[in-house]
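# Overview (structure and organization)
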Amino acid sequence: MALQIYNTLTGKKEEFVPLEPGRVKMYVCGITVYDLCHIGHARSAIVFDVICRFLADLGYQVSYVRNFTDIDDKILRRAGAEGVDYRTIAKRFIQAFHEDMDALGLLPPAMEPLATDHIPEMLEIVRRLVEKGVAYKAGTDVYFSVERFPGYGKLSGRDLEDMVAGARVEVDENKRNPMDFVLWKGSKPGEPTWESPWGPGRPGWHIECSAMAAKYLGAPFDIHGGGKDLVFPHHENEIAQAEAAFGTSFARYWVHNGFVNINNEKMSKSLGNFITIRDVLESVHPESLRLFVISKHYRSPVDFSDDTVGEAERGLERLYATVEAAQERSAKDGHADYPDDALKKQDVELYEKLESLPVLFYEAMNNDFNTAQAVGYIFALQRNLQRFLDKFGRKNLKGPSARLAARSADSLVKHCRVMGLLMLEPEAFFEGQRKLKLKTTGISEEELSDLIAQRHKARAEKNFAEADRIRKQLEEKRIQLEDSPEGTKWRVSLQPIIA
RNA sequence: GGCGGCAUACCCAAGUGGCAAGGGAGCGGUCUGCAAAACCGUUAUACAGCGGUUCAAAUCCGCUUGCCGCCUCCA
C-alpha cells in the first residue's frame, strides 16, 4: 500500500504523491523564541521527526525546513522586562531549543531560517498583495483583506460570515473586516524596526512562514505541518497570503499533531501545568518520551502523566533488554545462515512474527503514520523473542536457534530505528539509564556499591534480616535490587514529574 | 453562539464492514533465602446510550449523553 496522509485541507486520508518524484519538501512551523520549550513542543518535534525519518526510509530525499519566530510581542515584552535587546532573548532561547532537540535525539532540519533574516522576502509578498488590491494600508499598518481572497476559511472549515458573527477579535477601527489580519505593523517608539514602503515597522506573524517556506521550498511544496492550534488562524492566513500573492497553491498536504494535556486539560502557564522538556529529561530517558509519544496516534490528544510515561519507560527497557539478551546469547553462532525451514523449526510463532513484521510495520506506517499500531507489532515480536530465549534458560544459543534470535533482534532494532527508537547499543542505553536514574535518588554510585557489598556479605552469612534491611532502605529511595546469578543488579523507579 | 474532535477491559491504546493488536497494572503459577526481573496462565459475548442500514457494525447513518479543542498568543 502506498503512503496515505490525512490532509487537514480535505479532511481525508489521501495518497501521498510528491510534486517531484523521490523528493519531499516539508515545512513545519517552529517556535517563537521567548521561553523554554515544553513537552507539547517535544511532541510536535518528535512527530515530525518520525515522519521525516519514515519518509527518508521510504527512499525520499527530504527537504525539511523549520523556522524560528524571533520577532514578536512576547519576545519584546520579555526583553523589556529584562532590560536587554530582543535579540539577546531570541538567541538565548534558540540555543536552549537546540539543546532540547539534541537531547531528544531529533534529526536537525535541513534549514532553520530566522524570521528577521527574511524581511525583504516578506515585504515582497506584501507589495504583491497591495498591488493586487488584496491588502491595504490603514493607519501605520498593512492588512490582508480576507474578503478579497475567496478561499478564506478552506483549511479550518469555516466560512467568513460565521467567523465574523462569532468573532471575539478586538474591534479595530482600521480594519475593513474584523477578520482582516495584519501583514505589517507600524512600529512603536523603541521597538525594533525595519524600513518599508508603508513606513517603518515589523512583520506580522503569519507572513513569516509564507515567506520562508516559499523561499526555501518554492510554492507549491508538499507537506506543511504544525500543531493543531495553528490551523486557525495561522495556517489559514499563510494560505491566504501565499496563494493570493503567488497565484499558485501553497502546500499540498497539511499535517497537524494533537496536543499534550495534563489531567485532561491543555497545558498552559495560567493553569500551572506547564512542564518543560528539561524537567522531563532530568529523570526520563529521551527515548522513553519518544515511545510515549509514538504509542499514540499523532492526531489524537495525549494525556501526560507519571503513570503513562512510566509505562512507556518500562516498555522501552524491556525492548532493550530483549535485544541485548538476544545479541549476547547469539553472538557466537548468530551469523551463520540456515535455510528458512531450519529457522522455522526452532519456533514457528517467532519465525512467523519475524517474517510478518516488515509487512505489518510498513502497512501501519503507510496508513497515516500509525506509529501506535507499528509499536504494537514490534512488541509482539519482542515478546515472542523473549519467550524463545527463556526456553533455553540462561544458555547461549547455537546453530539455527542463534540465527533466529539474532535475526529477530536485528529486525527489532531496524524497525525501531525508523522511528528513532533503539538508537543506542543496549549496553550504552542501560549505562546511561543507570546514571540518569541514580542522579534522581541523591545516592552516589560509591554509596550504592558499598551498600550492595554489605548486603552481599550479609547474605553470604545468611544474615537475611540485615540483607532485607538494606534492600528496604534502598527501596525507600526508589532503588530496587535484583539478585541474579551474575550478581546483584539494581534499577530505579521513576521520580514523579508532576507535582 | 459558530466550527471540529473524542468516547474500546482496572489504566494507556490500535482497530473505519466479516472471529476485539499491543503495552501497563492485577490475580494464580514457575523460579528465588525473601524479593525483583523474566516466563506460563488469566482479565471486554464485547467497543458511552438508543434507533436505523446490512447476510454481517466498535467500524456506516440518525438522535441522546459526557468530555475536549479551535474561534485571542499558542506545538
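Computed from a prediction, not measured in an experiment: that's the story for all the values here. (Residues numbered from 1 in each chain as written. Chains lettered and ligands numbered in written order. Predicted model: local features only at pLDDT ≥ 70, side-chain atom pairs only at ≥ 80, totals over all residues. Heavy atoms only, no water.)

Attention now moves to the domain arrangement of chain A. By domain assignment, chain A separates into domain 1 (19-279), domain 2 (303-423) and domain 3 (430-492). Just the C-alpha atoms count here: the centres of domain 1 and domain 2 sit 41 Å apart. Contacts between domain 1 and domain 2 engage 14 residues on the former and 12 residues on the latter. For the pairing of domain 1 and domain 2, the buried interface totals around 1100 Å² over both sides, and the portion due to carbon and sulfur atoms is 69%. Seen at the junction of domain 1 and domain 2, the total is 0 salt bridges. Counting the contacts that link domain 1 with domain 2 gives 2 residue pairs in polar contact (both at pLDDT 80 or more). For the side of domain 1 that touches domain 2, the secondary-structure elements that each account for two or more residues are α1 (39-57) and β11 (260-262). Considering each element in turn, the side of domain 1 that touches domain 2 owes the most residues, 6 residues, to α1. Considering only residue class, the side of domain 1 that touches domain 2 consists of 8 nonpolar, 3 polar and 3 charged. (Domains from an automatic or database assignment. Contact = heavy atoms within 4.5 Å. Buried area = accessible area lost by both parts, 1.4 Å probe. Salt bridge = Lys/Arg side-chain N within 4 Å of Asp/Glu carboxyl O. Polar contact = N/O pair within 3.5 Å; in protein donor to acceptor, adjacent residues only side chain to side chain. Helix = DSSP H or I, 4+ residues; strand = E, 2+ residues; numbered from the N terminus. Nonpolar A, V, L, I, M, F, W, Y, C, P; charged D, E, K, R; others polar.)

Let us look at the sheet that holds strand β4 (residues 61-69). Spatially, the 4 strands line up as an open sheet ordered β4-β3-β9-β10, and their pairing is parallel. Every interior strand has two partners, whereas the edge strands, β4 and β10 (251-257), have only one. Ignoring which end each strand starts from, the neighbouring axes of this sheet average 20° apart. (Pairing = 2+ DSSP bridges. Axes fitted to C-alpha atoms, helices over the stretch in contact; angles between N-to-C directions.)

Below, the discussion takes up the protein's contact with RNA strand B. For RNA strand B, the set of nearby residues contains 52 residues, the closest of which are Lys 74, Trp 205, Lys 296, Arg 387 and Asp 390. Atoms of RNA strand B within 4 Å of the protein: sugar and phosphate make up 65%, bases the balance. Here a sugar or linking oxygen of RNA strand B sits 2.3 Å away from a polar atom, N or O, in the main chain of Gly 227. Secondary structure elements with two or more residues in the surface near RNA strand B: β3 (23-32), α1, β9 (221-227), α10 (306-329), α13 (371-391), α16 (445-460), α17 (464-475) and β14 (479-484). Top contributing element to the surface near RNA strand B by residue count: α13, with 8 residues. (Near = heavy atom within 4 Å.)

A cluster of acidic residues, Glu 445, Glu 446, Glu 447 and Asp 450, forms a negative patch on the protein surface. As for its position among the elements, Asp 450 is in helix α16. By relative accessible area, Asp 450 is classed as partly exposed at 49%. (Patch = residues over 30% accessible without salt bridge, like charges linked within 9 Å, V, L, I, M, F, W, Y side chains within 5 Å. Areas by Shrake-Rupley, 256 points an atom, 1.4 Å probe, with all protein chains shown as cover. Lys, Arg positive; Asp, Glu negative; His and termini not counted. Charge placed at Lys NZ, Arg CZ, Asp CG, Glu CD. Buried < 20%, exposed > 50% of the residue type's maximum accessible area, 1.4 Å probe, protein only.)

Turning our eyes to something else, we now look at the state of the cysteines. Linking two cysteines covalently via their sulfur atoms produces the bond known as a disulfide. Applying the stated criterion across every chain yields a total of 0 disulfides. Just so you know, Cys 52 is unpaired, no disulfide at all, and the nearest cysteine sulfur is the one on Cys 29, 15 Å from it. We classify Cys 52 as buried; its relative accessible area is 8%. Unpaired in terms of disulfides, Cys 416 finds its nearest cysteine sulfur in Cys 52, a separation of 18 Å. (Disulfide = S-S within 2.5 Å.)

A separate point is α1. Along an α-helix, residues three or four positions apart point the same way, because every turn accommodates 3.6 residues. Its 19 residues place the ends of α1 26 Å apart at the C-alpha level, agreeing with the 27 Å of an ideal helix rising 1.5 Å per residue. Along α1, 16 of the 19 residues are buried, which leaves the element largely enclosed by surrounding structure. Positive phi appears at Gly 59, one or two residues downstream of α1, with a value of about 105°. (Expected span 1.5 Å × (residues − 1).)

The subject of this paragraph is the pairing of β10. The buried fraction of β10 is high, at 6 of 7 residues. Summarising the sheet, β9 and β10 pair through 6 bridges and their orientation is parallel. Bridge pairing in β10 places Phe 221 opposite Ala 251. In terms of handedness, the path from β9 via helix α7 (residues 231-246) over to β10 forms a crossover that is right-handed. (Right-handed = clockwise from strand over helix to strand, strands pointing away.)

With that settled, the discussion passes to unusual backbone geometry. In this chain, Ala 219 is followed by Pro 220 through a cis amide linkage whose omega measures 0°. Residue position: Pro 220 is located in the loop between α6 (205-217) and β9. Although it is not a glycine, Leu 422 sits at a positive phi angle of roughly 60°. Tracing the backbone shows Leu 422 in the loop between α14 (399-418) and α15 (426-441). Classification of Leu 422 as buried rests on a relative accessible area of 2%. Look at Lys 462: it is not a glycine, yet its phi comes out positive at around 60°. By relative accessible area, which is 63% here, Lys 462 ends up exposed.

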